[in-house]
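What follows is each chain in one-letter form.
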Number of protein chains: 2
Amino acid sequence: MLNDKLLKLRDEMSKNGIDAYIIPSSDAHQSEYVAEYFKGRRWISNFTGSAGTAVITSDSAGLWTDGRYFIQAEKELEGSGFDLFKMAEEGVPTYPEWLKSVVKKDGIIGFDGKVISVSAYNELKKGFDEDNFKIQYDLLESIWDDRPSFPKENIFVHDLSYAGKSTSEKIDIIRGIYHSHGADSYILSSLDDIAWTFNLRGSDVLNNTTFYAYALIEDDKTTLFIDRDKLDEETKLYLKENNIVLKSYDEITADLSNLKNKNIYLSPERTSIYIESLLQNNKIIHDKEITAYLKAVKNEVEIQNSRECYLNDSIALLKGFKHIEENFKETPITELDVEDIIKNERSKIDGFKGISFDTIAGYKDHAALMHFKANEKNTYTLDSRDFLLVDSGGQYLNGTTDITRTFSLGEITPEQKKDFTLVLKSVINLSRAKFLKGTTGYKLDMLARYPLWLEGIDYKCGTGHGVGFFLNIHEGPQGFSVRKSHDLPLEVGMNLTIEPGVYKEGRHGIRTENTVIVKEAFTNESGTFYEFETISFFPIDINSIDPSLLNSDELEWINTYHAATFNKLSPYLNIDEVNWLKEKTKQI
Amino acid sequence: MLNDKLLKLRDEMSKNGIDAYIIPSSDAHQSEYVAEYFKGRRWISNFTGSAGTAVITSDSAGLWTDGRYFIQAEKELEGSGFDLFKMAEEGVPTYPEWLKSVVKKDGIIGFDGKVISVSAYNELKKGFDEDNFKIQYDLLESIWDDRPSFPKENIFVHDLSYAGKSTSEKIDIIRGIYHSHGADSYILSSLDDIAWTFNLRGSDVLNNTTFYAYALIEDDKTTLFIDRDKLDEETKLYLKENNIVLKSYDEITADLSNLKNKNIYLSPERTSIYIESLLQNNKIIHDKEITAYLKAVKNEVEIQNSRECYLNDSIALLKGFKHIEENFKETPITELDVEDIIKNERSKIDGFKGISFDTIAGYKDHAALMHFKANEKNTYTLDSRDFLLVDSGGQYLNGTTDITRTFSLGEITPEQKKDFTLVLKSVINLSRAKFLKGTTGYKLDMLARYPLWLEGIDYKCGTGHGVGFFLNIHEGPQGFSVRKSHDLPLEVGMNLTIEPGVYKEGRHGIRTENTVIVKEAFTNESGTFYEFETISFFPIDINSIDPSLLNSDELEWINTYHAATFNKLSPYLNIDEVNWLKEKTKQI
């Protein structure tokens, strides 16, 4: 069946004179998570991970993905006709390098220009001629029979009591910034940036609160390109009051094509080569996405909302975990059940709008798959041993949560206990940091890896990422990782997850994840120092900790953290829950 | 008197139609340490630090230097007519930024093109027109009456039993590398790279083993441009045997001017704009200095020599420290005496060729000046309290050493003890690291700062640098620091110092410095890990350590280090010295 899809695609490629065709994971807005309509890469390859690029030639097909998905991709690609290329592994070519080796000098490489960014295209075309590319073809359109329809979910206004800053304030700031770069207009394609700018939310993408739209901010007007039938009267009125011009989603093509002699600011990382190709008669100013930096620094209202949001989220999580722990020995509970139990508890919280990403509930060796998703076929039933890893979160009006805990369900091996303790040491080492203003997430990442590296263990992913505010679960530009893009000073108000792990294929997986906010610590003769405020409070499994591996600073950290967890959560719990929490947060 | 020099310079500037004149610290080879002939910046400003740039206009004069020298520069610039600009401090302009604010649109900026690199010039001219610059004038030539003469010290062959690799092997490798960049020739200006390439050493620059020369490596011949009277018959024969053409130093101008249609590889960071300006009729390929990378990775012969060299060096240092400790209470010993005592002990070692940099012997608040140099006027006499910091090293045929120890001479305050222990924690944290292949000194730098930052203390300099092999005390490209240039993977065989410190102006200074070599630790499913081998063994003052601040890993490190120090040094000591060392290295 899969071979059939490849066959059809190759037929289309041949009709259109294309020798190699690229299908990335992205949508027309360079989103990480995309609507079903855009999941062509999954459709053709069977690989379900969130990140990956498929490249097809007449006689071969490759799928590139990163360390989070190596194990999963290997399984899913079996029999698909696709070879797996493990990104960033030694000796593995990038897909542009691979294209260079398989496409003839005058060969033609094709892709849908909407789903590849300006900078990805500029990177890709190095070492090729411009003539090597045909960028206008969405070849899937004619061969993907049951392609899902383009999403048309309702959108609504995100109240100022949550957002903390009005859309007109935000647009004023944006104009000030693009002016300082010599621009007179700004094109926004990124869905979360559009949602943030206009204080609107939707549900076009599963687990996300974004909606498909473009925006054009000019000095004298702001235009939102969006399907009108997504808007109710209240939202239309809100936009009118804010002097925002409404046009349909598809009108972006004509409107941009008509622009002349403007100085247009856009982010090449977050705008498609298709959009840029419409702007031939204008001067284009490439720079960082203005709104990405603005939205990354949470305002005081957002921060206070986030603290409350994480508290509520932890209470739901507590009820879920307690239920699982107290019942799994008598009643069979599968990984899929775990997802449901926790989602059910979260759904009882005021302002809950859905989960913020596919829950990862991995038991035993499933937990070694960083982004495991259980299904009816593969789901394990919990037993009185080994680790259960649950990475989950919710979308609430007052914030987005992301938290991981790993609990032992009974007997664990000394190696498992040591690995669990090393992950805890890693969390503590980074969480405790004080750092000079100007220090980057790229440098701080070292602190989390240090305790694990001492024991020869690395996790093949970042240490942490920014989190949207009632928005995307992964939000830039900040992050802790070995990626140079995270060599960016952390600013007061930015939030980040801290989520190191140990992943041993076929054996066990451990991850402990908190969310922190950057705040000012003090200023002295050495300069201004920042520190992290942890805002997620939930027990870290003390039964899995080997206290003899912790030094006194680390013991103090975990005990202080657990005392705070008890104090913050217990007022909202019944006596039974309080007792459960007391046991889970007892001093070690 | 100083004002007189500025007056004369302004007169020359006016005659030559120059509105602003730049005098960097460099020589014609972009050296860090330079011959007296090139110390025009010191001559005009009185500032004696190794790094700094003077810029003079008709009515103002500025001196830019970095954090190592802020305190010193403030003192030395007093009454000089120069304002101090503290580099990298918030709100302080760089000198190009400052030039932009003080030089008129059609103003003329001048400098001697030999002492500014291609890349510094390219950086400098941003935001100016090419017409704003006159780069051919060495205005000091006519006003600096007592200018020291150009150095003409003898040079000699560095034996293969030390160097480990012959000059012809090295030149073959260099040719292979420039070929892979599409070049057919390579210009070398950096003095230490020339010394390394040709296995020659000299003494043109105080405390250095370099000599003034240029080299041009082509496919069919290699030319060394050097004053012939520096060479004895043996060295001339050696060069002849290696097919190296000798030309006089000044012939580089004519020879390069005659080159045509060549593809010339050069490092823009390490070649002067003057040299590049001679190559108009050729294609120039800018890239990293090939030899800098080759020489940074020490070969096995160099590494074994370095281990022995550090051992001998420590024995000399031990005799010196022991003498000071046993005598300063009875006989007055000044900081200057400390320099002499230690130099005298080093000079007894076979193969000693001089000290490797100006000894920093700082007592009490003098130690807070990172690069303090005592003189007759300011030197302190040691007393039975406070810290004595000694940062020193030697040039030996079998290596270059650099080591710092801080000892308390009696009573110290709890704050001093805490600071000393924090510096030790910092040394240990980085020294113990295991790190994945590909990890950079920029990232690892974080590990040394972490324990100090937790207490709100930063040192305003790098954590460590590469060290030459019987060559420059500071050698790139590797280093531990917050500089992006050190975001460069460490390779097996590279050496680095680890030298964090605490510097409290007017109070005390502490630095502990070891040298380490990168070696492979192990390879497993997570990848290949590297670690550091410490090669400097010398007691770290246990009387200044507060053991209650050390965790068990740290206690183990210091005790293991001291046991190794005793075992390595004691076989070469007399009974009295062995007893002294036993006391200094006892377990805590």
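Parameters at a glance
Residues numbered from 1 in each chain as written. Chains lettered and ligands numbered in written order. Predicted model: local features only at pLDDT ≥ 70, side-chain atom pairs only at ≥ 80, totals over all residues. Heavy atoms only, no water. pLDDT = per-residue confidence, 0-100. Contact = heavy atoms within 4.5 Å. Buried area = accessible area lost by both parts, 1.4 Å probe. Salt bridge = Lys/Arg side-chain N within 4 Å of Asp/Glu carboxyl O. Buried < 20%, exposed > 50% of the residue type's maximum accessible area, 1.4 Å probe, protein only. Helix = DSSP H or I, 4+ residues; strand = E, 2+ residues; numbered from the N terminus. UniProt positions renumbered as here; feature names shortened; annotations may be inferred. Phe/Tyr/Trp six-rings, centres within 6.5 Å; stacked < 30°, edge-to-face > 60°. Least-squares fit on C-alpha atoms with pLDDT ≥ 70 in both. Pairing = 2+ DSSP bridges. Axes fitted to C-alpha atoms, helices over the stretch in contact; angles between N-to-C directions. Parallel < 35°, antiparallel > 145°, perpendicular 65-115°, else oblique. Left-handed = near helix turned anticlockwise from the far one by under 90°. Nonpolar A, V, L, I, M, F, W, Y, C, P; charged D, E, K, R; others polar. Domains from an automatic or database assignment. Polar contact = N/O pair within 3.5 Å; in protein donor to acceptor, adjacent residues only side chain to side chain. Core = buried A, V, L, I, M, F, W, Y, C linked by side-chain atoms within 4.5 Å. 1 Å grid on protein atoms, 1.4 Å probe; cavity = no way out; pocket = protein on both sides within 12 Å on 5 of 7 lines; lining within 4 Å. Points joined across faces, edges and corners; volume = space filled by probe spheres on them.

Turning next to the confidence of the model for chain A. For chain A, mean pLDDT is 96; residues scoring 70 or higher make up 99% of the total. As scored by the predictor, the complex reaches a pTM of 0.91 and an ipTM of 0.90.

Attention now goes to the interface of chain A and chain B. Many analyses report the size of an interface as the accessible area lost when the parts associate. Tallying the contact residues gives 35 residues for chain A and 35 residues for chain B. Interface of chain A and chain B: buried area, both sides summed, is about 2,900 Å²; carbon and sulfur atoms make up 54% of it. Its largest share of buried area at the contact with chain B, chain A owes to Lys443, Tyr450 and Trp453 of chain A, together 24% of the area lost on that side. The interface formed by chain A and chain B holds 5 salt bridges in total.

Okay, the pattern of salt bridges next. Residue and element names in this part refer to chain A. This structure, assessed with the given rule, holds 93 salt bridges over all chains. Linking Asp383 and Arg385 is a salt bridge whose minimum nitrogen-to-oxygen distance equals 3.8 Å. Since its relative accessible area comes to 38%, Arg385 is described here as partly exposed. As a salt-bridge pair, Glu554 and Lys425 come within 2.9 Å of each other at their nearest N and O atoms. On the criterion of sequence distance, the pair formed by Glu554 in helix H18 (residues 552-569) and Lys425 in helix H16 (residues 414-431) is long-range, its members being 129 residues apart. Judged by its relative accessible area of 7%, Glu554 falls in the buried class. Its relative accessible area of 12% is what places Lys425 among the buried residues. Counted as one network, the salt bridges with shared partners bring together Asp192, Asp193, Arg270, Glu289 and Lys295.

So, about the UniProt feature "domain: Peptidase M24" (unreviewed entry) in chain A. UniProt's feature table lists "domain: Peptidase M24" (unreviewed entry) at residues 320-520 of chain A, given in the numbering used throughout. Taken end to end, residues 320-520 of chain A comprises 26% helix and 28% strand; its first and last C-alpha atoms sit 35 Å apart.

Turning to the side chain of Thr512 of chain A, a few remarks are in order. Among the structural elements, Thr512 of chain A can be located in the loop between strand S26 (508-511) and strand S27 (514-524). Excluding residues that lie within four positions of it along the chain, Thr512 of chain A makes contacts with Thr404, Arg405, Phe420, Val423, Val427, Ile498, Glu499, Pro500 and Ile540 of chain A.

The next subject is the packing of aromatic side chains. Residue and element names in this part refer to chain A. Counted by the stated rule, this structure contains 65 aromatic pairs over all chains. Pairing Trp64 with Trp98 gives two aromatic rings, centres 5.3 Å apart and planes at 65°, and the pair type is edge-to-face. A residue pair is termed long-range when its members are at least 10 positions apart, and Trp64 in strand S3 (residues 61-65) and Trp98 in helix H4 (residues 95-102) qualify at 34 residues. In this pair, the class of Trp64 matches that of Trp98, namely buried. Ring-pair connections join several aromatic residues into one group, and the members of that group are Tyr37, Phe38, Phe150, Tyr212, Tyr214 and Tyr249.

For the pair chain A and chain B, the best superposition has an RMSD of 0.0 Å and corresponds to a rotation of 180° with a translation of 0.0 Å parallel to the axis. Interpreted geometrically, this transformation is the action of a two-fold axis. Relative to the rotation axis, the closest C-alpha in chain A is found at Lys443 of chain A, a distance of 2.5 Å. Taken together, the interface assignments show that 100% of the residues at the interface of chain A recur at the interface of chain B, consistent with an identical surface on both copies.

Okay, the pairing of strand S10 (residues 214-218) of chain A next. Residues and elements named next belong to chain A. Burial of S10 is extensive: 5 of the 5 residues sit out of reach of the surface. Across the two faces of S10 the burial is the same, with Tyr214, Leu216 and Glu218 and Ala215 and Ile217 all buried. Here 4 bridges tie strand S8 (residues 185-188) to S10, and the two strands are oriented antiparallel to one another. When the sheet's bridge partners are listed, Tyr186 is paired in S10 with Ile217. Direction of pairing for S10 relative to strand S11 (residues 222-225): antiparallel, over a ladder of 4 bridges. Counterpart to Ala215 in the pairing with S11 is Leu224. The loop that links S10 with its antiparallel partner S11 comprises 3 residues.

Let us look at the sheet that holds strand S15 (residues 352-355) of chain B. Residues and elements named next belong to chain B. With antiparallel pairing, the 3 strands of this open sheet are ordered in space as S15-S18-S19. Of all strands in the sheet, those with a lone pairing partner are S15 and strand S19 (399-400), marking the two edges. As paired elements, S15 and strand S18 (residues 394-396) share 3 bridges and run antiparallel to each other. Its bridge partner lying in S18, Ile355 is registered against Gly394.

All names here are of chain B. Two numbers describe how helix H16 (residues 414-431) lies on helix H17 (residues 441-453): the axes approach to 7 Å, and their chain directions differ by 155°. Our classification of the angle between H16 and H17 gives roughly antiparallel. Considering only the axes of H16 and H17, their crossing is right-handed. Every residue of H17 that contacts H16 at Leu422, Val423, Lys425, Ser426, Asn429 and Leu430 is listed here: Leu444, Leu447, Ala448, Arg449, Tyr450, Pro451 and Leu452. A class-by-class count of the residues in the contact of H16 with H17 yields 9 nonpolar, 2 polar and 2 charged.

What follows deals with the domain arrangement of chain A. All names here are of chain A. Along its sequence, chain A is organised into domain 1 (2-142), domain 2 (156-294) and domain 3 (297-580). Distance between the C-alpha centres of domain 1 and domain 3: 33 Å. Both sides together, the interface formed by domain 1 and domain 3 hides about 840 Å², and carbon and sulfur atoms give 60% of it. For domain 1, the biggest contributors to the area lost against domain 3 are Tyr33, Arg68 and Ile71; these three give 58% of the whole. Where domain 1 meets domain 3, there are 0 salt bridges. Run the count over domain 1 and domain 3 and you get 2 residue pairs in polar contact (both at pLDDT 80 or more).

The next point concerns the sheet that holds strand S12 (residues 244-247) of chain B. Residue and element names in this part refer to chain B. The sheet built from 6 strands is open, its strands ordered S12-S11-S10-S8-S13-S14 with mixed pairing. Two strands in the sheet have a free side with no partner beyond their single neighbour: S12 and strand S14 (283-286). For this sheet, the mean inter-axis angle between neighbouring strands, taken without regard to orientation, is 20°. Set on the sheet, helix H8 (residues 167-180) makes contact with strand S8 (185-188), strand S10 (214-218), strand S11 (222-225), S12 and strand S13 (263-266); between it and S10 the angle comes to about 65°.

Grouped together as the largest cluster of nonpolar side chains are 94 residues, with contacts concentrated most on Leu444 and Phe532 of chain A together with Leu444 and Phe532 of chain B. In this structure, Leu444 of chain B is in contact with Met446 of chain A together with Leu430, Ala433, Phe435, Thr439, Phe480, Leu490 and Phe532 of chain B, ignoring residues within four places of it in sequence.

Right, let's talk about unusual backbone geometry for a bit. All names here are of chain A. A cis amide bond, omega 0°, links Gly476 with the succeeding residue Pro477. Here Pro477 lies in strand S23 (residues 475-480). One non-glycine residue with positive phi stands out, namely Ala88, at about 70°. Here Ala88 shows up in the loop between strand S4 (83-86) and H4. Given the relative accessible area of 84%, Ala88 is considered exposed.

We now examine empty space enclosed by the protein. Rolled over the atoms, a probe sized like a water molecule indicates the empty space that remains. Inspection of every chain in the model, using the stated rule, returns 3 cavities of 30 Å³ or more. Estimates place the volume of the largest cavity at around 120 Å³. Contributions of two or more residues to the lining of the largest cavity are made by strand S1 (20-23) and helix H2 (40-45) of chain A. The dominant element in the lining of the largest cavity, judged by the number of residues it contributes, is S1 of chain A, at 3 residues. The residue makeup of the lining of the largest cavity, split by class, is 9 nonpolar, 2 polar and 5 charged. A volume near 50 Å³ is recorded for the second largest cavity. Lys298, Ser306, Cys309, Tyr310, Gly399, Thr400, Gly468, Phe469, Asn495 and Ile535 of chain B are the residues that line the second largest cavity. For the lining of the second largest cavity, the secondary structure elements donating two or more residues are helix H14 (300-327) and S19 of chain B. Per element, the largest residue contribution to the lining of the second largest cavity is 3 residues, and it comes from H14 of chain B. Looking at the lining of the second largest cavity residue by residue, the classes come out as 4 nonpolar, 5 polar and 1 charged.

On to the environment of Thr57 of chain B, then. Residues and elements named next belong to chain B. Among the secondary structure elements, Thr57 is positioned in strand S2 (residues 53-57). Placed 38 residues apart in sequence, Thr57 and Asp19 show a C-alpha to C-alpha distance of 5.7 Å. If near-sequence neighbours (up to four positions away) are discounted, Thr57 is found in contact with Arg10, Met13, Asp19, Ala20, Trp98 and Val102.

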